[in-house]
Structures are given as C-alpha cells and as structure tokens.
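Okay, here's what each chain looks like letter by letter:
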Amino acid sequence: MSEQGATELIGDYQDEQIDLDTVSKLEHREDHSVLEAELVKGEPLYPHELTRDAVLSMYVMALFFFLSAFVPPPLHGAADPTAGTAFPPPLPDWYLLWAFGCLKAAWDIEFTIFGYHFFLMTAKVWGTLVQGMIIGLVVAVPFIDKAIGAFIDPQYGDVVNRGHERRPIEDPVRAAIGVYGIAIVIMLSIYSINANIAIYYPEINTKVLAMVTLFGPLGCALITYLFLDRRRSEGAKPLNDEERFDLYVDGIKDRRMQRIYEFKLNRCYQCGLCDDICPVRDMEGEYELNIIYNTFQNEHDGVAMWSCITCGMCTAVCPQNIEYVDYVLEQRALTTSGASS
Amino acid sequence: MSRTKPYSRTIPHPLFERLIVEDAMKEEKDSWKPERPHEYGYFPGCVDFMDVEVKFTHLNKGDADHASIAAASIKLLNYANIDPLVLDMNIFKCSGHDQLWQGQLEVFDALKEHNLRRLKESGIKIMTCSCAECYRTFAVDYDLPNTLGIKVEHVTQTLQGRGLKFKAPEDVTVAYHDPCRLGRMMGEFEAPRDLIQLVDGAKMVELENNKERALCCGVSSMMYCNDATKAVRRKRLDQGTDAGIDIMLGGCPKCYMHMQCMLNEERMNPEEGHHHDYEMMDLMQFLVACLEEGN
C-alpha cells in the first residue's frame, strides 16, 4: 500500500466504487428496488481528505511565515492629533457606504401633539437602527416566506419542502422587492458621498440626490414589476410558425443554431436539477450528468431519445423553463420522417 | 448481471398499432352531420381500442374495463345537465397523440386532417375529453381554440363548479395521481382535486410527489414497457402504499391502464413479493360509483 502514490490510490478507489455501484444497480434492477439503489459515493475521510487538508494547511502556514519574515508591512508616519477636520471628510470602505448613507439620510424624529413636544429618537440612533433592520429583513426572508405559505395554504404550508417559485417571472412582486433592495443600497451609497460629488458637480446638490434616492429605487421596482407581469401574461406558449421562422433566420445569420430548439436549450446554465428529478435517470443512470446541457452538446447520453417518457418533470423544475419535451418531440418527428408511409 | 428475462417489447401491441395506422391512412371523403345541434362534444378517445389490446396481452386477466370511463363520463355530464355529442370512433379517428410522440408525423397529420374536417361538420362549441393526452393534443397540437374557435376542456374542468354532490358508499382514503399531460403540460392541478373534495366520505391525501413534481406512470405514448419503466411505476405505487390509501385515482385512461396492469401482474406473481394493497381507478369511474341514489 505504501508504495502506491496518493493519486493512484484515489483513482483506484473511485474506479472500484463506480464498478461496485454499477454492478449493484444492475443486480437490483431485476428486483426494482428503487429505494435501495442509492449508494453514497465519495472520498473517505482517512487518508484522502485528512492528508490533503494537512498538506494544504502546512502550505498556507509556510506562506505566512515567508511573508512575515521577508515582506514586513509598511509603517507610515505618526498621526497628528492636532490636525483639523479634512474636507471632503474621509469615507468608509465602499461596501459600508450604504450604512454611512443611512446615517446621513436619517433625521431627528420629533413631533408635537396637543402642545406637548415629543422627542423620540436622534438621527444617530435612528440611522443605526435602520441598518440593523435592513440586515434583519434579509435574515427574516425565509421565515416570512414560510409564514405567508402557511397562511395562504394551511394544509401544504411547508414551503421549504414544497419549494416556491424560482423564476422571477412567476413571482413579479418578490422580484420587484429584490430590485428595490439592490437599487436602494446603491442609491444610499451614492447619497453618502454627496459632499465629494458637490465638489466636482455643484449642480447635483443634496436635495437632488435625496429625491433620486427616494424615488429612483421605487421606479426601478415598478418597471421590474410591469415588465415581468407583462411577460407572465404572455405565458409559456409553444412557438407559432412565424416565431419558428424568425428563430431559423436568426440562426442562419449567426451561423450558430442549426436547430430551433438549440436556441432554447442554450439557456441552460447546468444547474443539474433536471438530472436529479428525471425518473429515467433515476432508474438507468450511473454517472451524474446534465440532461439538457448534454443534449445541447449533441451528446444524447443524458436520456436517450427513445427512452424519454416525456413526462415533463425536467421542465417543471427547470429555472429557465426550457421545454425539453418539445425538443424530444421534434427530434423524434425528424428522425422518423418518411418511415411510416 | 443476473438478468433472467430479456427486454421485450410488449407494448405497443403490434396489431393495435397497425390498426390505427391502417385506419389513419384510409381516406374517407363522405360528409357527416349530427342529428341535432349540440354545444358540447365529448371525445372518449381510444378506450375501446385499449380494451381490445389489454384483453389480448398476456399480462392482464382482462378485467380492466376502459370503456366504462367513457360511459361514466357521459353519465356524469348528463348529471351536470350537459347533453354532449359523443364523438366516438365510428365518426372520428384516434387523436394521434401516441403517433405524434412516437415521431410518426405522417400518421398524425392524416388523423388530424380527418378529425378537423369532422369537427367542422359537427358544429360544437366546446369539446371535452376524459383523456389527458387527447386534451393536450386537441388544445396544443391541433390548436383548436385558434383554428376552429372550439374551446377544449378536460372533463374535470367541465364538471368543476356545477354544484354536483357525491357520496362515497363507504369511507375511503384516496389520492390523486397527476397525469403529466394534464398537470405539468396543461397546468390543471386543481379541477380534479376540487371534484374529489366534493365527495362526501372520501378523504384525500397527497402522495409524496404531487402536482408539479408528480411522478410519471412510466409509459408515455405507449413507447415501451420494460424493466426501467416498470421501476418508475413501482416507485409511484410504493408512494401510494406509504400514504396508506385505499384507491389511487387517475385523470387519464393510460395511467389507469398501466397502473392497473402492474397491480394485476403483482397479484398474478405473488412469489415476487411485491404487493400494493389498493386499487387503481379512473376519477370518472370513482365519481360514478359515488353518485347518490336516484340519479
């Protein structure tokens, strides 16, 4: 054993595991024991993972020693405590600008009711709390989702197991909220450097920036919602002849698409959900594959064209809504054209 | 490698296939006119043919009665005060779903041409099918709503929301098996479930994979019946056992046929040790059995 190199050892082990897996699946296929056929493949902790991690840790440690010994950090001159405030003021790192923007945009919350003056929060406290609220909202999103699901459909409220819409087009409201969040963070960052902007562009004063920060993200969210909602109302329809013709023409122009459904399969980003869910691959597959991607690459080794039971499960889980079944239908028609007459 | 039986092609039955191709290629020029105008047309599909096929294969005891799905659908439509024009095989031909998905485009086009001509002559406004595959074919592949202006519905959609009442003879636990053509492809998950909810005394449970993630019955468009497709079907049946159901309901005669075939096969070979202690029924058969007395 000790004479063998680690690479050779791992390779042998994996080959052995794959062979065992294949044989056992073939043996069990007669019994249709679907549930028993899922063997776990992988590398063992000892010696493979342990050795690899140890080697990598030593390497990193050595790098640290080298750097600290031969490349010491530079030291600047001592700071001057008597120096005046700089203008424009120093800014935090770019990824914290939004928090700085929150602090700048906040105002003292005070109001007068029936002659009594209430002072609720200073701008500092309020601006700091807003940052916490934004982070808290991001953390709470899954829980809110679950609560909404349980409220809408008490019997099947388990959003985590059932899953929810993954494509922005199927849930325009949530997508619009997401776009609003991104836009407001960007706009708060821009708002926080108002002093620096005012030096170079005096016409963009704080008032203009405040208006854009307030209404810009709302506009982005509205546009997102309207666009997605229109797309959703169009729905997932099969292509009509004109659209097919357009696809052909575009394909000929670009010299890329030889077949119309290649255009659709091209949207695949190889997440592999289709392979996880496909019943044919569940029964027959031995290696992990990506059905749609492999088909796009003209390798029909995912699901053979005549093995596909056209149940449409791959389309149901596909984040890109690729209609693989339509593709299979068309390929079958092309393959057997003229055979039945 | 301990395979004792070789793969064998048991379906599609060669005779059955030849019959449909022969039927499709025979041109009929004569015109036809219904006796009186109807708003609704009901297309039973090839259930009569399927009876013939199933009875002559070695797998079945021959107790599967597919024609009863058509009879049940007509009875339920009448119960809902609908008088459908029955577009049966004397006048129409097979919808051509299987031929299309097997890639036999010429046969499909011949069937489509004939059926479209007959549909024009029939003068119906709404077409309803008890078969999920026919439903998809007429709605998407024939594109009836856009070409002839005929609305296509599954029979569950036609019966939905008409104030029907059912009562089960005894308390049963049922589960609904989503056919892929009706569910994923046409997006109808709720209409059959709503109908099952109407049945007094039937408790509906969901199988582990339901709605969008429903498992297939394994044999689509009569392509093959081999060990792998049987494993898909057995997985589905196992989920039924796990859910503890008495009856599994399907919305498509093909699902009914394949599941029933497997259950029969298991009962005929008890030494293999696979057993599922429930029945497979079509939703229409179940609803007719649950009709109250006097209807």
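Turning to the overall build of chain B, a few remarks are in order. Scanning chain B for helices and strands turns up 13 helices and 8 strands. Burial statistics for chain B: of 295 residues in total, 60% are counted as buried. Sequence-distant contacts in chain B: of pairs separated by 6 or more residues, those separated by 24 or more amount to 81%. Taken as a whole, chain B presents about 12300 Å² of accessible surface, with 50% of it coming from carbon and sulfur.

The helix and strand inventory of chain A stands at 15 helices and 2 strands. Burial statistics for chain A: of 341 residues in total, 29% are counted as buried. A separation threshold of at least 6 residues defines the contact pool for chain A, and within that pool the share at least 24 residues apart is 58%.

The next subject is the side chain of Arg233(B). Residue and element names in this part refer to chain B. Considering the arrangement of structural elements, one finds Arg233 in helix H11 (residues 227–243). Put simply, Arg233 is tucked away with no salt bridge, and the nearest opposite charge, on Glu265, sits 5.9 Å away. Separated by 3.1 Å, the side chain of Arg233 and the backbone oxygen of Cys217 make a polar contact. When neighbours within four sequence positions are excluded, Arg233 is seen to be in contact with Cys217, Val219, Cys225, His258, Met259 and Met262.

This paragraph deals with the nonpolar core. If you look at the biggest cluster of nonpolar residues, it comprises 78 residues, and the most contacted ones within it are Met127(B), Phe138(B), Leu159(B), Met284(B), Phe286(B) and Leu287(B). Residue assignment places this core across two domains, with domain 1 (37–159) and domain 2 (166–289) of chain B each supplying three or more. Excluding anything up to four places from it in sequence, Leu287(B) contacts Leu76(B), Phe166(B), Leu195(B) and Val199(B). Formed by 10 residues, the second largest nonpolar core is a distinct cluster that contains Cys278(A), Ile309(A), Cys311(A) and Met313(A).

So, about the pairing of strand S8 (residues 279–282) of chain B. Residue and element names in this part refer to chain B. Of the two faces of S8, only the one carrying Met280 and Asp282 is buried; Glu279 and Met281 on the other face are not. Examined bridge by bridge, strand S7 (residues 247–250) and S8 share 4 bridges and lie parallel to one another. If you follow Gly250 over to S8, its bridge partner there is Asp282. Read as a crossover between parallel neighbours, the route from S7 over helix H12 (residues 253–268) to S8 is right-handed.

Looking now at a nonpolar patch on the surface. All names here are of chain A. The grouping of Tyr59, Val60, Met61, Leu63, Phe64, Phe65, Phe66, Leu67, Phe70 and Val71 at the surface amounts to a nonpolar patch, some 1100 Å² of accessible area in total. Summarising the element assignment, Phe64 is placed in helix H2 (residues 45–70). A relative accessible area of 51% means that Phe64 is categorised as exposed.

Let us look at helix H6 (residues 172–192) of chain A. In this model H6(A) runs 30 Å from its N-terminal to its C-terminal C-alpha over 21 residues, within 8% of the 30 Å that 1.5 Å per residue would give. When H6(A) is considered as a whole, its buried residues turn out to be Pro172(A), Ala175(A), Ala176(A), Ala183(A), Ile184(A), Met187(A), Leu188(A), Ser189(A), Tyr191(A) and Ser192(A).

Residues and elements named next belong to chain B. Inspection of the entire model under this criterion finds 17 salt bridges over all chains. Between Arg118 and Glu121 there is a salt bridge, with its nearest N and O atoms 3.1 Å apart. A residue pair is termed a helical-turn pair when its members lie 3 or 4 positions apart in one helix, as Arg118 and Glu121 do in helix H5 (residues 105–122) at 3 residues. Since its relative accessible area comes to 23%, Glu121 is described here as partly exposed.

It is worth spelling out the sheet that holds strand S5 (residues 166–177) of chain B at this point. Residue and element names in this part refer to chain B. The strand order S6-S5-S7-S8 describes an open sheet built from 4 strands, whose pairing is parallel. Here the strands that pair on one side only, and so sit at the sheet edges, are strand S6 (199–205) and S8. Going across the sheet, the axis of each strand differs from the next one's by a mean of 40°, ignoring polarity. Strand contacts of helix H10 (residues 190–197): S5, S6 and S7, with the helix running at about 130° to S6, the strand carrying the most contacts. Across the face of the sheet, H12 comes into contact with S5, S7 and S8 while running at roughly 160° to S8.

Turning to a negative patch on the surface, a few remarks are in order. All names here are of chain B. Together, Glu170, Asp171, Asp200, Asp246, Asp277 and Glu292 line one region of the surface with negative charge. Along the chain, the position of Asp200 falls in strand S6. Given a relative accessible area of 47%, Asp200 falls into the partly exposed group.

The subject of this paragraph is the sheet that holds strand S4 (residues 151–154) of chain B. Within a sheet, adjacent strands bond to each other through the backbone by hydrogen bonds, running parallel or antiparallel. Residues and elements named next belong to chain B. Strand order in the open sheet formed by 4 strands is S2-S1-S3-S4, and the pairing between neighbours is parallel. Only two strands of the sheet have a single neighbouring strand rather than two, namely strand S2 (85–86) and S4. Sheet strands in contact with helix H3 (residues 67–79) are strand S1 (40–43), S2 and strand S3 (126–129), and its direction is about 160° off that of S1.

Here we come to the state of the cysteines. Evaluation of the coordinates by the stated rule reveals 0 disulfides over all chains. Summary of cysteine pairing: Cys94(B) is not part of a disulfide, and the nearest cysteine sulfur, belonging to Cys46(B), is at 5.1 Å.

All right, on to the pairing of S1(B) then. All names here are of chain B. Burial along S1 is two-sided: Tyr40 and Tyr42 and Gly41 and Phe43, pointing in opposite directions, are all buried. Pairing analysis gives 4 bridges linking S1 to S3, with the strands arranged parallel. Following the sheet pairing, Gly41 is matched in S3 by Met127.

Glancing now at the packing of helix H3 (residues 97–105) of chain A against H6(A). All names here are of chain A. For the pair H3 and H6, interaxial distance at closest approach is 7 Å and the crossing angle is 70°. Classified by the interaxial angle, the pair formed by H3 and H6 is roughly perpendicular. The crossing of H3 and H6 is left-handed. Touching Leu97, Trp98, Phe100, Gly101, Cys102, Lys104 and Ala105 of H3 are Val185, Leu188, Ser189, Tyr191 and Ser192, all from H6.

With that settled, consider the confidence of the model for chain A. Residues and elements named next belong to chain A. In the predicted model, chain A carries a mean pLDDT of 76, and 69% of its residues have values of at least 70. Put simply, helix H5 (residues 159–162) is where chain A has its lowest mean pLDDT, 48, and H2 is where it has its highest, 93. Taken together, the stretch residues 32–38 has pLDDT below 50 and engages in 12 contacts with residues farther than four places along the chain or on a different chain. The low-confidence segment residues 255–260, where pLDDT is below 50, has 16 contacts with residues more than four positions distant or belonging to other chains.

Definitions and limits used
- Residues numbered from 1 in each chain as written.
- Chains lettered and ligands numbered in written order.
- Predicted model: local features only at pLDDT ≥ 70, side-chain atom pairs only at ≥ 80, totals over all residues.
- Heavy atoms only, no water.
- Helix = DSSP H or I, 4+ residues; strand = E, 2+ residues; numbered from the N terminus.
- Buried < 20%, exposed > 50% of the residue type's maximum accessible area, 1.4 Å probe, protein only.
- Contact = heavy atoms within 4.5 Å.
- Areas by Shrake-Rupley, 256 points an atom, 1.4 Å probe, with all protein chains shown as cover.
- Lys, Arg positive; Asp, Glu negative; His and termini not counted.
- Salt bridge = Lys/Arg side-chain N within 4 Å of Asp/Glu carboxyl O.
- Polar contact = N/O pair within 3.5 Å; in protein donor to acceptor, adjacent residues only side chain to side chain.
- Core = buried A, V, L, I, M, F, W, Y, C linked by side-chain atoms within 4.5 Å.
- Domains from an automatic or database assignment.
- Pairing = 2+ DSSP bridges.
- Right-handed = clockwise from strand over helix to strand, strands pointing away.
- Patch = residues over 30% accessible without salt bridge, like charges linked within 9 Å, V, L, I, M, F, W, Y side chains within 5 Å.
- Expected span 1.5 Å × (residues − 1).
- Axes fitted to C-alpha atoms, helices over the stretch in contact; angles between N-to-C directions.
- Charge placed at Lys NZ, Arg CZ, Asp CG, Glu CD.
- Disulfide = S-S within 2.5 Å.
- Parallel < 35°, antiparallel > 145°, perpendicular 65-115°, else oblique.
- Left-handed = near helix turned anticlockwise from the far one by under 90°.
- pLDDT = per-residue confidence, 0-100.

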